[in-house]
Amino acid sequence: MLALGHAVVMLSAQVILPEAPDIPGISGSGMRSSHTLAATDAPQRLFALRSALLFCAPMLVNGIGLLYFPVFLQDLKMTDVEIGMIVALPFLVRMIGMPLGAALADRVSDKTIMLIWSATLSFATTVMMFFTHSFWPVAIVYALQGLVYAPYVPIAEAILISGVRRWRFDYGFLRLWGSVAFIFATLIGGWLLDLFGGAMVLPSMAIFFTLTIVMAIAAPRLGREKPLAVSATPSLPQRHPFRRADFLLVIIGAALVQGSHGMLFAFGTVYWTDHGIPGFEISLLWTAGVVAETTLFFVSGRWLSRFSIWQLILTGCLFAVVRWSLFPHLHGFWPHLALQLSHAFTFAIIHIGIQRFMMERVGEGRGASAQGFYQAFIALFNVVTAWASGYI
């Protein structure tokens with residue numbers, strides 16, 4: 001699968017259009033576009049802070065839900081098979097919720113409207129979960145939560161990208177705070193787990209979903225895109241980007257590589273435990289990957305702007321091939337720690353490259369749709385790799 005993703009990206013690199021001039025913080029090749037606001041427009045008040053906090057809120061939820069929700073299910077006396085089925089449900093429904101919700105966000109008067117709905121309904125499903133105690137009720141409510149929560153991050157990403165496009169903010173610096181929030185939630189979750197066990201999961205998720213509502217309300221309201229004057233030279237392709245072969249090849253190829261992480265998320269802890277790595281060291285391995293990702297986001301504006309989109313994406317693809325090829329052959333904490341640090345390349349550097357690519361290829365009016373489109377493919381390949389690795 002990794003080789004296929006790498007090959008798809010290589011093929012698309014041969015048919016891609018030329019890259020445009022520089023935008024600091026995310027581009028090394030630029031964002032020249034008729035869909036960009038005039039440079040004279042002033043940034044919204046506290047745009048950087050509000051965008052960073054907008055990303056922190058869902059990452060706090062994910063830091064609890066991704067890692068500790070299975071413990072809550074264990075407390076309900078569910079079997080391993082039932083837990084596996086329930087945990088897989090959000091990945092499946094995201095393939096519907098992400099593109100659909102993100103497309104709706106591009107059609108309403110402001111993207112924050114969909115953000116508020118997504119956050120509010122997600123909170124409501126968490127409250128419903130307090131009253132579910134058996135497999136089918138939990139599965140139905142959790143699937144519903146996955147559906148309504150799915151578009152939140154793609155829409156937040158689109159808002160952030162709009163700020164980079166319009167006012168030249170540093171994408172990596174704004175994006176890294178979501179990773180910091182994930183680390184914080186992971187550590188707080190572990191501490192609460194020691195104190196209260198699985199009973200801490202739903203209250204923690206409810207509190208953090210409340211923060212997503214607050215941050216959605218406080219999010220920058222950008223309205224619909226305002227194009228440059230007619231005299232500006234258009235550079236984006238006129239054809240719908242989702243129907244262009246080069247766009248599809250890049251998105252699918254990168255999503256294949258990003259989806260390869262599904263194996264690690266599904267079985268990483270189990271694999272490390274079976275190979276004698278203690279629980280505390282396993283938590284350090286998970287944290288190391290996110291720290292590496294955060295560090296790369298932090299330096300991306302200064303160090304990565306000199307590299308082209310293709311150098312970033314292909315570097316990440318090659319690191320992914322090496323990472324997963326070595327994974328089953330290494331033993332012990334330190335070798336796997338070194339491998340976890342490569343997450344900066346197998347995830348973060350590809351993510352930055354893809355955001356630059358979409359800024360060049362997709363107008364702001366379709367920004368959320370593009371994010372949902374890409375994330376839906378990642379969700380699909382996460383499901384495929386997690387399922388296939390169970391047999392491998």
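Keep in mind the model is a prediction, meaning the values are calculated, not measured.

Rules of the game
- Residues numbered from 1 in each chain as written.
- Predicted model: local features only at pLDDT ≥ 70, side-chain atom pairs only at ≥ 80, totals over all residues.
- Heavy atoms only, no water.
- pLDDT = per-residue confidence, 0-100.
- Contact = heavy atoms within 4.5 Å.
- Helix = DSSP H or I, 4+ residues; strand = E, 2+ residues; numbered from the N terminus.
- Expected span 1.5 Å × (residues − 1).
- Buried < 20%, exposed > 50% of the residue type's maximum accessible area, 1.4 Å probe, protein only.
- Salt bridge = Lys/Arg side-chain N within 4 Å of Asp/Glu carboxyl O.
- Core = buried A, V, L, I, M, F, W, Y, C linked by side-chain atoms within 4.5 Å.
- Axes fitted to C-alpha atoms, helices over the stretch in contact; angles between N-to-C directions.
- Parallel < 35°, antiparallel > 145°, perpendicular 65-115°, else oblique.
- Left-handed = near helix turned anticlockwise from the far one by under 90°.
- Nonpolar A, V, L, I, M, F, W, Y, C, P; charged D, E, K, R; others polar.
- Arc of directions from axis to C-beta.
- Patch = residues over 30% accessible without salt bridge, like charges linked within 9 Å, V, L, I, M, F, W, Y side chains within 5 Å.
- Areas by Shrake-Rupley, 256 points an atom, 1.4 Å probe, with all protein chains shown as cover.
- Phe/Tyr/Trp six-rings, centres within 6.5 Å; stacked < 30°, edge-to-face > 60°.
- Lys NZ or Arg CZ within 6 Å of the ring centre and 35° of its normal.

**Student:** Looking at this model, I keep getting lost on the confidence of the model for the protein. Mind explaining?
**Tutor:** Segments scoring low in pLDDT should not have their predicted coordinates read at a detailed level. With 84% of its residues at a pLDDT of 70 or more, the protein shows a mean pLDDT of 83. In the model, residues 7–40 has pLDDT below 50 throughout and makes 104 contacts with residues more than four positions away in sequence or in other chains. Low pLDDT, under 50, characterises residues 228–234; the stretch is placed with seven contacts to residues that sit more than four places away or in other chains.

**Student:** What should I look at first to understand helix α8 (residues 201–218) in this one?
**Tutor:** A rise of 1.5 Å per residue sets the reference length of α8, with its 18 residues, at 26 Å; its end C-alpha atoms lie 26 Å apart and thus fit the reference within 8%. Here α8 has its buried residues at Val-201, Leu-202, Ser-204, Met-205, Ala-206, Phe-208, Phe-209, Thr-212, Ile-213, Met-215 and Ala-216. If you follow the buried residues of α8, they end up packed against α2 (47–75), α4 (111–129), α5 (135–149), α6 (152–167) and α7 (171–196).

**Student:** Sorry if this is basic, but what is going on with the pattern of salt bridges here?
**Tutor:** Any two side chains of opposite charge can pair, given that their charged atoms come close. Under the criterion given, the structure shown has four salt bridges. Residue Glu-157 is joined to Arg-175 by a salt bridge in which the shortest nitrogen-to-oxygen separation is 3.8 Å. Here Glu-157, found in helix α6, pairs with Arg-175, found in helix α7; they are 18 residues apart in sequence, far enough to count as distant. In terms of burial, Glu-157 and Arg-175 fall into one category: buried. In this structure, the salt-bridge partner of Asp-246 is Arg-361, at a minimum N-O distance of 3.1 Å. Of this pair, Asp-246 sits in helix α9 (residues 245–259) while Arg-361 sits in helix α14 (residues 343–361), placing them 115 residues apart in sequence. Judged on exposure class, the residue Asp-246 and its partner Arg-361 are both buried. One connected set of salt bridges, linked through shared partners, spans Arg-244, Asp-246 and Arg-361.

**Student:** Looking at this model, I keep getting lost on the nonpolar core. Mind explaining?
**Tutor:** What tends to happen in soluble globular proteins is that the nonpolar side chains get buried as a cluster. Membership of the largest hydrophobic core comes to 108 residues, with the highest contact counts inside it found for Phe-69, Ile-86, Trp-272, Ile-354 and Tyr-374. Looking at which element gives the most residues to this core, the answer is α2, with 13 residues. Not counting residues within four places of it along the chain, the set of residues in contact with Trp-272 comprises Leu-264, Ile-277, Ile-282, Leu-285, Trp-286, Phe-327, His-336 and Gln-340.

**Student:** Mind showing me how you'd approach the packing of helix α12 (residues 309–326) against α14 here?
**Tutor:** The description of two helices packed together rests on the angle between their axes and the distance between the axes. At a minimum axis distance of 8 Å, the contact between α12 and α14 shows a crossing angle of 150°. Viewed along their axes, α12 and α14 adopt a mutual orientation that is roughly antiparallel. Both α12 and α14 take part in a crossing whose hand is left-handed. When α12 is examined against α14, the residues Ile-309, Trp-310, Leu-312, Ile-313, Thr-315, Gly-316, Cys-317, Phe-319, Ala-320 and Arg-323 are found in contact with a partner set consisting of His-343, Phe-345, Thr-346, Ile-349, Ile-350, Ile-352, Gly-353, Ile-354, Arg-356, Phe-357 and Glu-360. Grouping the constituent residues of the contact of α12 with α14 by class yields 13 nonpolar, five polar and three charged.

**Student:** Can you walk me through the side chain of Arg-175 in this structure?
**Tutor:** Judged by relative accessible area, which is 7%, Arg-175 ranks as buried. Those residues in contact with Arg-175 that sit more than four places away from it in its chain are Phe-55, Glu-157, Leu-160, Phe-297, Phe-347 and His-351.

**Student:** Would you explain the environment of Gly-276 in this entry?
**Tutor:** Here Gly-276 is to be found in the loop between α10 (262–274) and α11 (279–303). For the pair formed by Gly-276 and Gly-332, sequence separation is 56 residues and the distance between their alpha carbons is 7.7 Å.

**Student:** Help me understand unusual backbone geometry in this model?
**Tutor:** With the exception of glycine, most residues fall at negative phi, and the peptide bonds are largely trans. Unusually for a residue other than glycine, Leu-46 sits at a positive phi of about 55°. Within the secondary structure layout, Leu-46 lies in the loop between α1 (2–15) and α2. Its relative accessible area of 47% is what places Leu-46 among the partly exposed residues. A positive phi angle is found at Arg-168, which is not glycine, with a value near 65°. Relative to the helices and strands, Arg-168 is located in the loop between α6 and α7. Take Arg-168: its relative accessible area is 48%, and that puts it in the partly exposed class.

**Student:** Would you explain α4 in this entry?
**Tutor:** In an α-helix, one full turn covers 3.6 residues, which means residues spaced three or four apart are oriented alike. Compared with an ideal rise of 1.5 Å per residue, which puts 19 residues at 27 Å, α4 spans 28 Å between its outermost C-alpha atoms and is within 8% of the ideal. Taken residue by residue, α4 has Lys-111, Thr-112, Met-114, Leu-115, Ser-118, Ala-119, Ser-122, Thr-125, Thr-126 and Met-129 as its buried positions. One side of α4 carries all its buried residues, which in axial view fall inside an arc of 155°.

**Student:** Honestly, a nonpolar patch on the surface in this entry has me stumped. Any pointers?
**Tutor:** Residues Ile-96, Leu-100, Leu-104, Met-128, Leu-144 and Leu-147 make up a contiguous nonpolar surface patch of about 510 Å² in total accessible area. Secondary structure elements with two or more residues in the nonpolar patch: α3 (80–107) and α5. No other element matches α3, which puts three residues into the nonpolar patch. Mapped onto the secondary structure, Leu-100 falls in helix α3.

**Student:** Mind showing me how you'd approach the packing of aromatic side chains here?
**Tutor:** To describe a pair of aromatic rings, you give the distance between the ring centres and the angle between the ring planes. In this structure the tally under the stated criterion is 20 aromatic pairs. Ring plane angle 75° and centroid distance 5.0 Å describe the contact between Phe-135 and Trp-136, whose orientation is recorded as edge-to-face. Ring centres of Phe-319 and Phe-345 lie 4.2 Å apart, and the angle between their planes is 10°; on these two criteria the pair is classed as stacked. One end of the pair, Phe-319, is in helix α12; the other, Phe-345, is in helix α14, and 26 residues separate them in sequence. Look at Phe-345 and you get partly exposed, because its relative accessible area is 29%. Positioned above the aromatic ring of Phe-91 is the side chain of Arg-94, whose terminal nitrogen or guanidinium carbon lies 4.7 Å from the ring centre.

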